[in-house]
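Structural features, examined
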Amino acid sequence: MSIGLSTWAAIALALLCLPIPAHALEPHDQIEWAELVDVEAQDFEDPFTDLDATQLSQLSEIARIKQQATQGSIDAKLKKRGEIRLEELEGKLRAQGVDVDWLISQRWIVAERRHNAYWRGNAELQNKRVSLVGYVVPTMQVSTGELVAFFVPQAGMCSHLPPPPPNQLIRIGHAKTEDMGFGRMEPVEITGTLIENRSTELVNVVDGLLEMNSSWLLEVESVVRAPTSKPAMLRPGILRK
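Quick summary incoming for the structure in this document. (Residues numbered from 1 in each chain as written. Predicted model: local features only at pLDDT ≥ 70, side-chain atom pairs only at ≥ 80, totals over all residues. Heavy atoms only, no water.)

**Examining the packing of helix H3 (residues 53-69) against helix H4 (residues 76-95)**
Two numbers describe how H3 lies on H4: the axes approach to 10 Å, and their chain directions differ by 145 degrees. For the pair H3 and H4, the crossing hand works out as left-handed. Contacts from Gln 55, Gln 58, Leu 59, Glu 61, Ile 62, Ile 65 and Lys 66 in H3 reach Gly 82, Arg 85, Leu 86, Leu 89, Glu 90, Lys 92 and Leu 93 in H4. In terms of residue class, the contact of H3 with H4 is built from 6 nonpolar, 3 polar and 5 charged. (Axes fitted to C-alpha atoms, helices over the stretch in contact; angles between N-to-C directions. Helix = DSSP H or I, 4+ residues; strand = E, 2+ residues; numbered from the N terminus. Left-handed = near helix turned anticlockwise from the far one by under 90°. Contact = heavy atoms within 4.5 Å. Nonpolar A, V, L, I, M, F, W, Y, C, P; charged D, E, K, R; others polar.)

**What about the packing of aromatic side chains?**
With the rule as written, the count across this model stands at 2 aromatic pairs. Ring centres of Trp 33 and Phe 151 lie 5.4 Å apart, and the angle between their planes is 50 degrees; on these two criteria the pair is classed as tilted. Residue Trp 33 is found in the loop between strand S2 (29-30) and helix H2 (39-42), and its partner Phe 151 is found in strand S4 (residues 147-152); the two are separated by 118 residues along the sequence. Note on Trp 33: relative accessible area 1%, which makes it buried. Pairing Tyr 118 with Trp 119 gives two aromatic rings, centres 6.3 Å apart and planes at 85 degrees, and the pair type is edge-to-face. Tyr 118 sits in the buried class, given a relative accessible area of 11%. (Phe/Tyr/Trp six-rings, centres within 6.5 Å; stacked < 30°, edge-to-face > 60°. Buried < 20%, exposed > 50% of the residue type's maximum accessible area, 1.4 Å probe, protein only.)

**Here we look at the pairing of strand S8 (residues 208-225)**
Two strands pair when backbone bridges link them, and strand S5 (residues 170-172) and S8 are joined in this way by 3 bridges, in the parallel orientation. By the bridge assignment for S8, Arg 171 is matched with Leu 217. Two elements, strand S7 (residues 188-205) and S8, share 16 bridges in a ladder whose sense is antiparallel. When the bridges of S8 are listed, Ile 195 appears paired with Leu 217. (Pairing = 2+ DSSP bridges.)

Here you go:
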C-alpha cells in the first residue's frame, strides 16, 4: 500500500504549527548531507576489497566448510568430501597469493568496521541546531499504521531509488502532526535540532515495503521551500554494510 496524496497533505500542516523551542532564536548552521557522517569511521583497512568475486565466493565456501567441520554431527562421507574441497579451494587461493587463514580471522573485525561506517553519525552535530536542504518522504509504519516521515538528500530516494545509508537518512520528529504542504519531489529546507537516534522501520512506500534504517532524528522547527534543487553530495564509500 502506497501513501496517497491526501495522506501526504495530512502529513504536512502542523510542522509550521509546532511549538518553537526556547533555543529557536539561536544561530543555526547550514550543513551539507556529507557532514552527517563520522569521517573517521570510514577510514579503515578492508582487505576483502582486494579480492575479486570468484575469490570472495571461494573464501566464503572455505569458511562454511570449516564451520560445518566443527559441528561434530556431520556425516563421515560428507566430512571427507568437505576436506577434499577445502584443500582444493585453499590451494587455488594460496597460489594466487591470498592469505586464507588471515582473511578468515579478519572477517568479523571487518564486518564491525563496515557496520560502524554504515551507521555512525558525526558526533559534532549531536543536539546541534542546523538547516538542511532535501526531500521529505511521507510514509506509514507497517506494524502500527502510524504516519512517519523521513528526510533524504535526493529526490526519489526510498521510492524509486534506494534509501541512503543510515547516517545520511533522517527521521523527522512529530510526523503524526506534520503538514508541510509541499510535493514529495519538491526540495525543502528544514531547520531543527539533530539527535543521533538509531531506528529501523518497516514502512510502505510507492514501490511497496521497505526497511528504513536511520541514524538521525530531526526535531523540526521550520520548513520552507528551498531556492534550489541542486543534487546533494553524498559522502562516498559508505555503502558498505
